[in-house]
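# Results of the structural survey
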Amino acid sequence: PLVYLNGVMTPLSEAKISVLDRGFIFGDGIYEVIPVYGRKMFRADQHLARLFRSLDAIGISNPHSKEEWLALIAKVMDAHEADDQMVYLQITRGVAKRAHAYPKDVTPTVFIMTNPIVMPSAEAREHGVACVSMEDLRWLHCEIKSISLLGNVFAAQNAAEHGVTETIQFRNGYLTEASSSNVWIVKDGVLMGPPKDNQILEGIRYALIEEICAAKNIPFKACRITRDEVFAADEVMLSSATKEVLAVVKLDDQTIGNGLPGPIYKQLYAAYQLAKA
Ligand code: PDD
């Protein structure tokens, strides 16, 4: 497959960056993951807005206008045979002599690739998935979509070692998010998610879920959620670009609700499919 790297379309196997790239040396960069359905980006405006916020947050000046970004992504998308894709964009501060502080006069490294989107299985959709819990030991700028992901890698590895879908993290007894998804609970018909602050990445699905709740008259509340509240919830679910919304029916050794995907999950899932179409 062809990828975009610093101004050129090139085969993935030939795309090379310097070992002095600050993404490689310091994890000094940001990324974005955009789902594509039927060759059309889903929520492109929101994903690009978040990309621009991430660049701004780490002081990288945006190398392209929105129209240029859309054209570059379209080039990579069009070069791939799959209709449903997952576009990955990464921008690092660039190549410079190794020194921690931001170097002057450096050109950002821009990389774009795409892969066929991998969706949850029919089995996961129908029966829900299991998760495990762990203390959130990441840094306190989780709102930035940073490529420094070792904390998230630990959480994902923990899930893999337990043979489950995700690790749901708690910081000082309060729900934050999973390794690469946001987490939601339902209690007595009210959908709740953690506040949009520095402890979570605000998923592009966050606003979408709020919109669906408003349209379907599902009460929604952003609030701090305790560990006990998660285990005692009627429903728990995950959201992300690739999971869309996905019901969690088991957490550690405990069953969530009645152990089946619940009614609010089903409503959100159905509305999500309509939004995509
Ligand atoms: N991850 N929280 C974290 C830590 C994430 O990495 C992600 C997405 C989300 C959900 O965001 P969104 O709804 O915009 O996908 C929440 C992507 C998919 C990834 O890293 O591959």
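Residues numbered from 1 in each chain as written. Predicted model: local features only at pLDDT ≥ 70, side-chain atom pairs only at ≥ 80, totals over all residues.

This is how the line gets drawn: UniProt positions are given in the numbering used here, feature names are shortened, and annotations may be inferred rather than shown by experiment.
Where an unreviewed UniProt entry is consulted, the chain appears under the name D-amino acid aminotransferase, with the organism given as Undibacterium rivi. For the chain, the Sequence similarities (unreviewed entry) comment in UniProt is given as "Belongs to the class-IV pyridoxal-phosphate-dependent aminotransferase family."

### Observations regarding the overall build of the chain
Let me state the cut-off plainly: Strands are runs of DSSP state E lasting at least 2 residues, helices are runs of H or I lasting at least 4, and numbering of each runs from the N terminus. We compute the radius of gyration from the C-alpha atoms alone; for a globule the expected value is 2.2 Å times N to the 0.38, where N is the number of residues. Residue burial is a threshold on neighbouring C-beta atoms within 10 Å of the residue's own C-beta, all placed from the backbone, with 20 or more meaning buried, 12 or fewer meaning exposed, and counts in between meaning partly exposed. Think of it this way: build a C-beta for each residue from its backbone, and any pair within 7 Å is a contact.
Scanning the chain from terminus to terminus reveals 8 helices and 15 strands. In summary, the chain has a C-alpha radius of gyration of 19 Å against a globular reference of 19 Å for 277 residues, a match within 12%. Counting only residues that meet the buried cut, the chain has 37% of its 277 residues in that class. Put simply, 69% of the contacts in the chain that link residues at least 6 apart link residues at least 24 apart.

### As for the pairing of strand β14 (residues 244-251)
Operational definition: Two strands pair if DSSP finds at least two bridges between them.
In terms of burial, β14 is a largely internal element, 7 of the 8 residues being buried. Looking at chain direction, strand β7 (residues 129-135) and β14 are connected through 3 bridges and run parallel. Residue V129 lies in a different strand from β14, and its bridge partner there is V248. Summarising the sheet, strand β13 (residues 235-240) and β14 pair through 5 bridges and their orientation is antiparallel. Looking at the pairing, V236 lines up with V248 of β14. Between β13 and the antiparallel strand that follows it, β14, lie 3 residues. Here β14 folds back onto strand β15 (residues 254-255), and the loop between the two strands holds 2 residues, one of which, D252, carries a positive phi near 50°.

### Some thoughts on the domain arrangement of the chain
Short version of the rule: Residue ranges for the domains originate in an automatic or database domain assignment. Each residue gets one label: Ala, Val, Leu, Ile, Met, Phe, Trp, Tyr, Cys and Pro are nonpolar, Asp, Glu, Lys and Arg are charged, and the others, such as Gly, are polar.
Per the domain assignment, the segments of the chain are domain 1 (2-116) and domain 2 (122-276). Each of domain 1 and domain 2 has a C-alpha centre, and these two points are 26 Å apart. Taken together, the 20 residues of domain 1 in the interface contact 11 residues of domain 2. At the level of secondary structure, the elements contributing two or more residues to the side of domain 1 that touches domain 2 comprise β3 (29-37), α2 (44-57) and β5 (85-92). For the side of domain 1 that touches domain 2, the element with the most residues is β3, which contributes 8 residues. A breakdown of the residues in the side of domain 1 that touches domain 2 according to their chemical character gives 10 nonpolar, 7 polar and 3 charged.

### Overview of the confidence of the model for the chain
For clarity, the threshold we go by: Values of pLDDT, ranging from 0 to 100, describe the predictor's confidence in every residue of the model.
Confidence along the chain averages 98 in pLDDT terms, with 100% of residues attaining 70 or more. For this predicted complex, the interface confidence comes out at an ipTM of 0.99, alongside a pTM of 0.98.

### Focus on the packing of helix α6 (residues 204-216) against helix α8 (residues 263-276)
Counted only if it meets this: All axes here are fitted lines through C-alpha atoms, helices being fitted over the stretch that makes contact, and every angle between N-to-C directions spans 0 to 180 degrees. Each angle receives one of four descriptions, namely roughly parallel if under 35 degrees, roughly antiparallel if over 145, roughly perpendicular if within 65 to 115, and oblique otherwise.
One can describe the packing of α6 onto α8 by two numbers: an axis separation of 10 Å at closest approach and a directional angle of 105°. What the angle tells us is that α6 and α8 run roughly perpendicular. Along its contact with α6, which presents L208, I209, I212 and K216, the element α8 presents Q267, L268, A271 and A275. Grouping the constituent residues of the contact of α6 with α8 by class yields 6 nonpolar, 1 polar and 1 charged.

### Some remarks on unusual backbone geometry
Unusually for a residue other than glycine, N6 sits at a positive phi of about 45°. Take N6: there are 14 C-beta atoms within 10 Å of it, and that puts it in the partly exposed class. Here D105, not a glycine, exhibits a phi torsion of approximately 50°, which is positive. Residue position: D105 is located in the loop between β5 and β6 (109-116). For D105, a count of 6 C-beta atoms within 10 Å translates into the label exposed.

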